[in-house]
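Single-letter residue listing:
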Amino acid sequence: MSALWRIIGVAYWQFLQWRRQWTWLAQSLVGLFGFSVLLFAWGGVAGLKHAIVASMVAGSWGIGLNIVGQMIGWQKVEKQYEFYVASPLSLTEYYLGVVLGQLPFFIVEVLSPAVIALLLGVKYEALPALTLVVLLALLLGSFSSLTIVLRIKNPMNISAVTNPLYTLTATLPPVFYPMTVLPQPLRPLALIFPTVPLAELARWATGTAETCLQPSTALALTAFWLALSTIALRGVLKWGLEE
Amino acid sequence: MAVVVADKLVKKFKDVKALRGLSFTAEKGKLVVVAGPNGAGKTTSIRILTTNLKPDSGKAEVLGFDVTMDYREVRRRIFYVPQDYAPFIDLTPIEYAVSTLMSRGFSYSEAKRRAREWLDLVGLAQVNRTMRQLSGGQIRRVIVATALASEAEALFLDEPTSGIDVEARREVWRALRERVRGGTCILMTTHDMGEAEAIADKVVVVDKGLALYEGSPRDLVSKVPFTHRAVVRKSPALKLDHAVDLGDRLIVYFRSRQEFDSFVGSLEDPSLLLSASSVGLEDAFILLLGGGVA
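Throughout this description, residue numbers start from 1 for each chain and increase along the sequence as written. Chain letters and ligand numbers both follow the written order, the letters beginning at A and the numbers at 1. In keeping with the model being predicted, local features are shown solely for residues with a pLDDT of at least 70 and side-chain atom pairs are shown and tallied solely at 80 or more, while totals for entire chains, interfaces and linings include all residues. Computation of side-chain values: all heavy atoms of the structure, hydrogens and water removed.

Examining the overall build of chain A
Here's step 1: A count of helices and strands for chain A gives ten helices and zero strands.
Here's step 2: To qualify as a helix, a DSSP run of H or I must reach at least 4 residues; to qualify as a strand, a run of E must reach at least 2; elements of each kind are numbered from the N terminus. For chain A, the α and β elements follow one another from N to C terminus as α-α-α-α-α-α-α-α-α-α.
Here's step 3: A radius of gyration in this sense is built from C-alpha atoms; the matching globule rule multiplies 2.2 Å by the number of residues raised to 0.38. The C-alpha atoms of chain A give a radius of gyration of 18 Å, which matches the 18 Å a tight globule of 243 residues would have.
Here's step 4: Considered along the principal axes of its C-alpha atoms, chain A spans approximately 55 × 40 × 35 Å.
Here's step 5: Should any heavy atoms of two residues lie within 4.5 Å, those residues are counted as being in contact. In chain A, the share of contacts with a sequence separation of at least 24, taken over all contacts with a separation of at least 6, comes to 80%.
Here's step 6: In short, Shrake-Rupley with a 1.4 Å probe defines the accessible areas, and a residue's cover is counted only from the protein chains shown. As presented, chain A carries roughly 11,000 Å² of accessible surface, and 72% of it is formed by carbon and sulfur atoms.
Here's step 7: Seen as two clouds, the 13 positive and the 9 negative side-chain charges of chain A have centres 2 Å apart. A positive count includes Lys and Arg, and a negative count includes Asp and Glu. His and the chain ends are not counted in either. Note that the charge is assigned to NZ on lysines, CZ on arginines, CG on aspartates and CD on glutamates.

Next up, the structure:
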């Protein structure tokens, strides 16, 4: 029971901050609304449905990469991390607490688009697979970010790294547009972005667009990225007893 | 009973030897101050004792548990406030204390009860502004109150009163002494010898990664070969044996009251004498480190 309270304690800290800095959430909500109107205007229901599913993946990836990564990076710089190490909290509890603390962003960036997607005709049966993809995106996003963020010595650079990294990984490669749009020779190149197999998996699960990547290949690639980022993270994410 | 045992701790960062065999103990129900100049190894030793750092060699125990082998047991029983730790966050004092206590395993209601009780003691239970809007002194008081509310058996505070005004510092001291009276062991670092003299049961003077002295502040002062000191304006007319140069002023040391009285009586211009007092821990500290006294 006390392990649960420890996770909630870390989350509560984050949650209270977001409650006071609600404009970040408002920005995301306005962005989602504007984005939906824009896509509907230019692409109709089909365009919106396609992009809203992609936005769930990009949103979850962004929460992991930008928010969880930055949060842990800043806590390391501000010695909150060191403070937590010398306490009964474990590394897993700490990570889960930080992730849980981003619940308000999850509601805006993942759950709200999920409701829109269901209203637009995405089948309920697709939800379990979509949930798995979204969770993988969160995990992979945070791991990728942390492998870089925790190597940064200058605290001013944390957001200067994670924000462009998000733009690079979520808007440039085929996330909001299907891989089939790319010319054949460019498609393998797109796979250097971990977001691409995740988005393709989401498209496959919801049937929103044709995918040229087999689900098994997309899953294998995601597993590869997850393993790689976990190995890279092990070198920098230490819970005390640093050498 | 020794709550903290540091035994021949060695820690090297690249080419810099931060600790060269540091040993000391801290006992239950005692407030132990680790003092020393910048780079002496104070923070490194505290980071080892709080399981943040691994020593290269030597042994460290907290409450009978080895800090590298039984680190989980150690972490369950301690509370650590790092140096310069000041969470500039949008949380009120009560929210900060409650979330911190919850992150240590207390339920919400228990955390709230404890937070109220201890914040009340430092006069901040009713403050409804966020930590970002509080003064440095208020932030420190919130952090210390939270540490005290945690009921940890050993507290490690790395310069808990740095940068706060005299009045706030005394409130922190009062809260710390209150906790020590209840049987908690507190290990803290400071640069301020006045602070160590006021609140420490024991002082460990550290320099270049080694403990130069371990004992009561009074015993350390008694080792000083002087009894009195005076601050005087520098003047060519003054002939002094033991003095520390402060630019246009001097700190002058005297071996006895008689020596001091005869010095004052010999002053042609009494306005040269700016202040006088008995020697204290700061003087002992400077002498121990081997600096300053001619």
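With respect to the confidence of the model for chain A
Here's step 1: The pLDDT value expresses, per residue, how confident the predictor is, ranging between 0 and 100. When pLDDT is averaged along chain A, the result is 92, and 99% of the positions lie at 70 or above.
Here's step 2: Ranking the elements of chain A by mean pLDDT puts helix 7 (residues 158-170) of chain A last with 90 and helix 4 (residues 91-100) of chain A first with 96.

With respect to the pattern of salt bridges
Here's step 1: Counted as salt bridges are all cases of a side-chain nitrogen of Lys or Arg within 4 Å of a carboxyl oxygen of Asp or Glu. Counted under the stated rule, the structure contains 29 salt bridges over all chains.
Here's step 2: In this structure, arginine 19 of chain A engages glutamate 95 of chain B in a salt bridge whose closest nitrogen and oxygen atoms are separated by 3.1 Å. Of this pair, arginine 19 of chain A sits in helix 1 (residues 2-20) while glutamate 95 of chain B sits in helix 3 (residues 93-102), on two different chains.
Here's step 3: Exposed residues in this analysis have more than 50% of their type's maximum accessible area, buried residues have under 20%, and partly exposed residues fall in between, with area computed by a 1.4 Å probe over protein chains only. With a relative accessible area of 11%, glutamate 95 of chain B lands in the buried category.
Here's step 4: Here arginine 76 of chain B ties to glutamate 73 of chain B by a salt bridge, and the two come within 3.0 Å at their closest N and O atoms.

What about the packing of aromatic side chains?
Between two aromatic rings, the relevant description is the distance of the centres plus the angle of the planes.
Here's step 1: Planes of paired rings set the category: under 30 degrees apart is stacked, over 60 is edge-to-face and the rest tilted, where pairs are Phe, Tyr or Trp rings (Trp by its six-membered ring) whose centres lie within 6.5 Å. Applying the stated rule across the entire model yields 16 aromatic pairs over all chains.
Here's step 2: Each ring, one from phenylalanine 83 of chain A and one from phenylalanine 79 of chain B, has its centre 5.3 Å from the other, and the planes form 85 degrees; the classification is edge-to-face. Of this pair, phenylalanine 83 of chain A sits in helix 3 (residues 80-85) while phenylalanine 79 of chain B sits in strand 6 (residues 78-81), on two different chains. Per residue, the accessibility class of phenylalanine 83 of chain A equals that of phenylalanine 79 of chain B, and both read buried.

Concerning the interface of chain B and chain A
Here's step 1: Contact residues are listed per partner, giving 38 residues for chain B and 29 residues for chain A.
Here's step 2: Buried area, as used here, totals the accessible surface that two parts lose on assembly, with accessibility defined by a 1.4 Å probe and the loss added over both. When chain B packs against chain A, the two sides together hide about 3,000 Å² of surface, and 60% of this comes from carbon and sulfur.
Here's step 3: Contact with chain A buries surface across chain B, with Asn52, Arg75 and Ser103 of chain B losing the most and accounting together for 20% of the total.
Here's step 4: Between chain B and chain A we count four salt bridges in total.
Here's step 5: For glutamate 95 of chain B, the salt bridge is made with arginine 20 of chain A, and the minimal N-O distance between the two is 2.7 Å.

A few points about the nonpolar core
Here's step 1: Definition of nonpolar core: a set of buried residues of the types Ala, Val, Leu, Ile, Met, Phe, Trp, Tyr and Cys, connected through side-chain atoms within 4.5 Å. Ranked by internal contacts, the top residues of the largest apolar core, which has 130 residues, are Ile72 and Tyr94 of chain A together with Tyr96, Leu119 and Leu176 of chain B.
Here's step 2: With 16 residues, helix 2 (residues 22-77) of chain A is the single largest residue contributor to this core.
Here's step 3: Leaving out residues up to four positions away in the same chain, tyrosine 94 of chain A has contacts with Val10, Ile72, Gln75, Tyr81, Tyr84, Leu89 and Trp239 of chain A.
Here's step 4: With 29 residues, the next largest nonpolar core counts Ala26, Ile48, Val74 and Val204 of chain B among its residues.

Description of the pairing of strand 8 (residues 185-190) of chain B
Within a regular beta strand, the side chains point alternately toward one face of the sheet and then the other, so they alternate between its two faces.
All names here are of chain B.
Here's step 1: For strand 8, the tally of buried residues reaches six of six residues, placing the bulk of the element in the interior.
Here's step 2: Alternating residues of strand 8 divide into Cys185, Leu187 and Thr189 and Ile186, Met188 and Thr190, and every residue in both groups is buried.
Here's step 3: Summarising the sheet, strand 3 (residues 31-35) and strand 8 pair through five bridges and their orientation is parallel. Bridge pairing in strand 8 links alanine 35 to threonine 190. Whether two strands pair depends on DSSP finding at least two bridges between them.

A look at the sheet that holds strand 13 (residues 249-254) of chain B
Residue and element names in this part refer to chain B.
Here's step 1: Reading across the sheet, the four strands line up as 12-13-11-14 and stay open at both edges, with antiparallel pairing between neighbours. With partners counted over all chains shown, the strands left at the sheet margins are strand 12 (243-245) and strand 14 (273-278), one partner each. Each neighbouring strand pair of the sheet contributes to a mean axis angle of 20 degrees, computed without reference to strand direction.
Here's step 2: Direction of pairing for strand 12 relative to strand 13: antiparallel, over a ladder of three bridges. Note on strand 13: the bridge partner recorded for aspartate 245 is leucine 250. Note on geometry: axes are lines fitted to C-alpha atoms, helical ones only across the stretch in contact, with angles between N-to-C directions running from 0 to 180 degrees.

Comments concerning the environment of glycine 265 of chain B
All names here are of chain B.
Here's step 1: Structurally, glycine 265 is set in helix 9 (residues 257-266).
Here's step 2: Take glycine 265: its relative accessible area is 63%, and that puts it in the exposed class.
Here's step 3: In this structure, the C-alpha to C-alpha distance between glycine 265 and proline 160, residues 105 residues apart in sequence, is 43 Å.

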